[in-house]
Amino acid sequence: MIQFLAKGLIRDRSRSLFPLLAIIITVTLVIFGIGFMEGAMNNFLHSTAVISTGHVKVVTKAYKKESNQLPNDLALFDTKNIIQTLGDMYPNYFWTPRITFGGLLDTPDQMGETKEQAPVFAFGLDFFSEKSRQVEIWELDKYLISGRLPKNRDDALLSTKLAKQLSVNVGSSVTLIGSTMDNAFTTYNFNIVGTFDLNKGQADRQMMLVDISGARQALDMVDAASEIFGYHNSLYYHDDEAVKIRKHFNLTYSDSIAQILRNEESKNILSYMTGWNKINTIEKNKLPQQRSIALSDNQMYDNTEEWEELSVEDPSVFTPTMIALRDASQLASMVDFSNVAMGVMAGIFLVIVMVVLWNMGLMNGLRRYGEIGLRLAIGESKGQVYRSMISEAALIGFVGTLIGTIFGVSLTYYVQEFGIDYSEAVNQISSSNMVVPNVFYAKVTPELYYIGFIPGVLATVLGTMLAGLAIYKREMSQLFKELET
Amino acid sequence: MKNILILFFLSSFLFPQTNQMNADNIIKAIDKNLNAESRTITSKMVVRGRRSSRTIKSKSWVVGTDLAFTEYLSPPREAGTKMLKLGEKLYTYSPQTDRVIQISGHMLRQSVMGSDMSYNDMMEDRPIEELYKATIEGSAKVDGRDHWIIVLDAKVKGLSYPKRRSWVDKEYLLPIKEELYAKSGKLLKTASLEGIKKIQGRWFPSKFVYKDELKRNSKGTEWIIDNIEFNKKIPDSRFSKALLRK
């Protein structure tokens, strides 16, 4: 039967070619549209995640409060152990330490005197560890303009914009003038081994990338890091999962350590109380907990604004706490907005396409009014005619969707690989908080392989089903009258 | 008896009663105590951070208010770092980079070795008399000792602290406690002097405590003078840029 219908479709082009073309074009558009929107949003989130937020990141509570000042005096200590724990707790993510620091870069003349100086915004990244994926996530293979990747502790990569400003090239030496984690003045020499252009607007205007070992040496931060970044192994941002692990980490690991530290501090303070030694052990354990809970409930920890001198210094300010990408400034509303906008846009797109195909199905059905009449007249039952029309629609829909999906996915894949360049517009809006890439890439996601079938097959079949209902309304007398004319 | 009367008369002439001093005389006396033709100082700075404390030892040679050379002796990371002040210019040398860097502009506002003191604080050691106009606000007892409360208002532009309030010990003629304000009136820093001793005929503190009031939870920085010699001849070669690298 299918073979019979297929032959009919091939021989009568008005029944097959144009509906097929319409389905192919619309399905291609649906797939590419959704793929591009997904890809563009993912590019934007990925760029922000790579440069400033990670998918999630761990910092001390004190660092979180003042993070815009890059307060490395509030950095995380014992990062190896924290990373080990994070890896065990959340194996879907990989964890990498980072030191973010600012200062001045000074280039010497032949006499060693200052020739040029410029502000620098630098990242100490873990390039050298065995499982490091920094080169991959920063896409340095692609963005490296000259030179090579860092191999030694004092190697540095400079953005082309900064290198131009300082008039330095690969092979030059620059001196960082900055502050150690103790806020002491420090100078440190880095050797420029390469230059890069991240293609992300002005975000890399003052950027220098060094290995974290060099940053630690320069800033006197042994086994310390400003932040520990976590990325999903797929490098794709999963908002729900990121929020879930942030909640879990803060409730289990972070809060429990904070509670222990606060209780220890309370116990220490209460031990000076007259008669402390006369209290029994149970009370000795209970009272510190009651004190720290009371202080916490009354928000007396580090709250000088409300409590002035009665405010209590919080012993837990250096406890690690987790932040998800959406917690960074403006990003929560942007992630929510983009999710809703993507849904609405994809929905509208699908509805429009469905209406078009439905209409096409209707028109096609109505156009064959005479043929239906003839088939009924020669003895086919109404049900048989109806079913054969639906089968034809399903066949056209399926074949059209299949070809459309191949075209759509291919086009999306092409844009995924080569992107569309928006450099001029992006240069105006990129900032360090929100990094917008110059080139937007589409993304081939698994849903693209089936999403086209919704308008492609469903709408065509539904349109035909609606049009075909007319078959049941035909009267035999009317039919013969039509045949006479 | 006659001799005693003459001695009493002379002493009251040579050493006027401190209570009758006016504000200008007080700041002149402070300048006389704190400044000298030259000073050689061995000291240590205890920087109390939120998480740990560090002690940095150094030796300084100072001539007047324009020339100063400091070499840091410990801890190992800081050892060998040198600083040279030549008038308005401040240079630093670090053996790790083998570079002489001039500290200027906003860098002068940075902390010295992570302490509560900035490079600007280090640079600004001209006599108070040249920089401020003093008025006596009143008297107060601090730790059982009589003090004048003096308000100093800048008479030159561009000072880090356009207004200061000092509690000046009436006997030592030293500002035992000071509050340093911004032009807006915001308290920026506090300083206090402790362990006042008589050294080479002048009262001089053996410990300075600075606290940056803008740093939340700052525990302050102590600058402890281990040894100080006044008016000792220091050769000019001590203040050459070439010596920074040696």
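The rules behind the values
Residues numbered from 1 in each chain as written. Chains lettered and ligands numbered in written order. Predicted model: local features only at pLDDT ≥ 70, side-chain atom pairs only at ≥ 80, totals over all residues. Helix = DSSP H or I, 4+ residues; strand = E, 2+ residues; numbered from the N terminus. Buried ≥ 20, exposed ≤ 12 C-beta atoms within 10 Å, placed from the backbone. Contact = placed C-beta atoms within 7 Å. Pairing = 2+ DSSP bridges. Axes fitted to C-alpha atoms, helices over the stretch in contact; angles between N-to-C directions. Parallel < 35°, antiparallel > 145°, perpendicular 65-115°, else oblique. Left-handed = near helix turned anticlockwise from the far one by under 90°. Nonpolar A, V, L, I, M, F, W, Y, C, P; charged D, E, K, R; others polar. pLDDT = per-residue confidence, 0-100. Core = buried A, V, L, I, M, F, W, Y, C linked by C-beta atoms within 7 Å. Domains from an automatic or database assignment.

Caption draft 1: Spatial organisation of the overall build of chain A. Counting its regular elements, chain A contains 18 helices and twelve strands. Here chain A, with 485 residues, has 42% of them falling under the buried criterion. Contacts in chain A between residues at least 24 apart in sequence constitute 80% of all its contacts with a sequence separation of at least 6.

Caption draft 2: Just unusual backbone geometry, in detail. Residues and elements named next belong to chain B. For the bond running from S74 to P75, omega is 0°, close enough to zero to count as cis. Following the sequence through the fold, P75 ends up in the loop between β3 (67-74) and β4 (82-86). Unusually for a residue other than glycine, L173 sits at a positive phi of about 55°. By the element assignment, L173 lies in the loop between β9 (163-169) and β10 (175-181). For L173, a count of 22 C-beta atoms within 10 Å puts it in the buried group.

Caption draft 3: Spotlight on the pairing of strand β6 (residues 173-179) of chain A. Of all the seven residues making up β6 of chain A, six are buried; the element is thus mostly covered by neighbouring parts of the structure. Taking the residues that link successive antiparallel strands as the turn, the β6 of chain A-strand β7 (residues 185-196) of chain A hairpin has five residues, and the phi of N183 of chain A there is positive, at about 70°.

Caption draft 4: Up close: the packing of helix α9 (residues 239-270) of chain A against helix α10 (residues 281-297) of chain A. Residues and elements named next belong to chain A. Following both chains from N to C, one finds α9 and α10 inclined at 115°, their axes separated by 8 Å at the closest point. Relative to α10, α9 is oriented roughly perpendicular. With respect to the hand of their crossing, α9 and α10 are arranged in right-handed fashion. Between α9 and α10, the contacting residues are R262, N263, S266, K267 and L270 on the first element and L287, P288, Q289, R291 and S292 on the second. Taken together, the residues of the contact of α9 with α10 break down into three nonpolar, four polar and three charged.

Caption draft 5: Structural view of the confidence of the model for chain B. Per-chain confidence: chain B averages 86 in pLDDT, with 91% of residues scoring 70 or above. Here the complex is predicted with pTM 0.73, and the ipTM for its interfaces comes to 0.72.

Caption draft 6: Examining the interface of chain B and chain A more closely. Counting from both sides, the interface comprises 19 residues of chain B and, opposite them, 18 residues of chain A. Per-element accounting of the side of chain B that touches chain A gives the leading share, four residues, to strand β6 (residues 99-103) of chain B.

Caption draft 7: Spatial organisation of the pairing of strand β5 (residues 155-159) of chain A. All names here are of chain A. Among the five residues in β5, five count as buried, and that is most of the element. The alternating pattern of β5 places D155, L157 and S159 on one face and A156 and L158 on the opposite face, and all of these are buried. Relative to β7, β5 runs parallel, the two sharing five bridges. The residue of β7 that forms the bridge with D155 is N191. Relative to strand β8 (residues 207-211), β5 runs antiparallel, the two being bridged by three bridges.

Caption draft 8: Layout of the nonpolar core. All names here are of chain A. Residues A75, A156, M208, L209, I228 and L325 are the most contacted members of the largest nonpolar core, which totals 100 residues. Residue contributions to this core reach at least three from each of two domains, namely domain 1 (2-51 + 328-484) and domain 2 (65-232). Beyond its immediate stretch of four places on either side in the chain, L209 contacts F123, L125, A156 and L157. Of all hydrophobic cores here, the second largest spans 22 residues; its members include V27, V30, Y386 and V457.

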